[in-house]
Amino acid sequence: MKQIIPFNKEITFKKVVSDITSISLDHDLQLKGEDLITGNFYIKGKFKMNKASITEEEFSYKIPCEIAISDDYDTYDATVDIDDFYYDLVDDSILKVNIAVVIDNLIKKERCIENEEVEEDKNKLETLDEIEELEEIK
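Note that the structure is a prediction, hence the values are computed from the model and not measured. (Residues numbered from 1 in each chain as written. Predicted model: local features only at pLDDT ≥ 70, side-chain atom pairs only at ≥ 80, totals over all residues. Heavy atoms only, no water.)

(A) Main features of the sheet that holds strand E1 (residues 3-12). The sheet built from three strands is open, its strands ordered E1-E8-E7 with antiparallel pairing. Either end of the sheet is taken by a strand with one partner, and the two such strands are E1 and strand E7 (79-90). On average, each strand axis in the sheet is inclined to that of its neighbour by 20°, with strand direction left out of account. Direction of pairing for E7 relative to strand E8 (residues 94-104): antiparallel, over a ladder of 11 bridges. Residue pairing in the sheet places Val80 in a bridge with Ile103 of E8. (Pairing = 2+ DSSP bridges. Helix = DSSP H or I, 4+ residues; strand = E, 2+ residues; numbered from the N terminus. Axes fitted to C-alpha atoms, helices over the stretch in contact; angles between N-to-C directions.)

(B) Local environment of the environment of Ile67. Mapping Ile67 onto the fold places it in strand E5 (residues 57-68). Once the C-alpha coordinates of Ile67 and Leu36 are considered, the two residues, 31 residues apart in sequence, prove to be 5.8 Å apart.

Right, here's the structure in full:
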């Protein structure tokens, strides 16, 4: 089973940005224990302060990330990677990044229902059937 988790972050530049000329995304996300993914995203690139400029400036940001996994899943063979990455430049100073993290090889755990719970559910159903029968007689 595959699960995709969206991650969004706004990064504010200290300078005006006219154009992002290059950008890359790396990560060191790892599964910790059975129910937690932790690590960082590393976003690096270059930008120009105005369209006419030939000078590019570099930027680099480290974004911490933590993803909790429901204990309904077995993560024994799970893998973590980036499924998609895109960005927008907002108001010439904010880089809005959108990252889709994919967790692959998740296995849904089977729920073990106690016999008492099954018997209790049967009794509820029988009671409901009796009520419906009485309502039909009326």
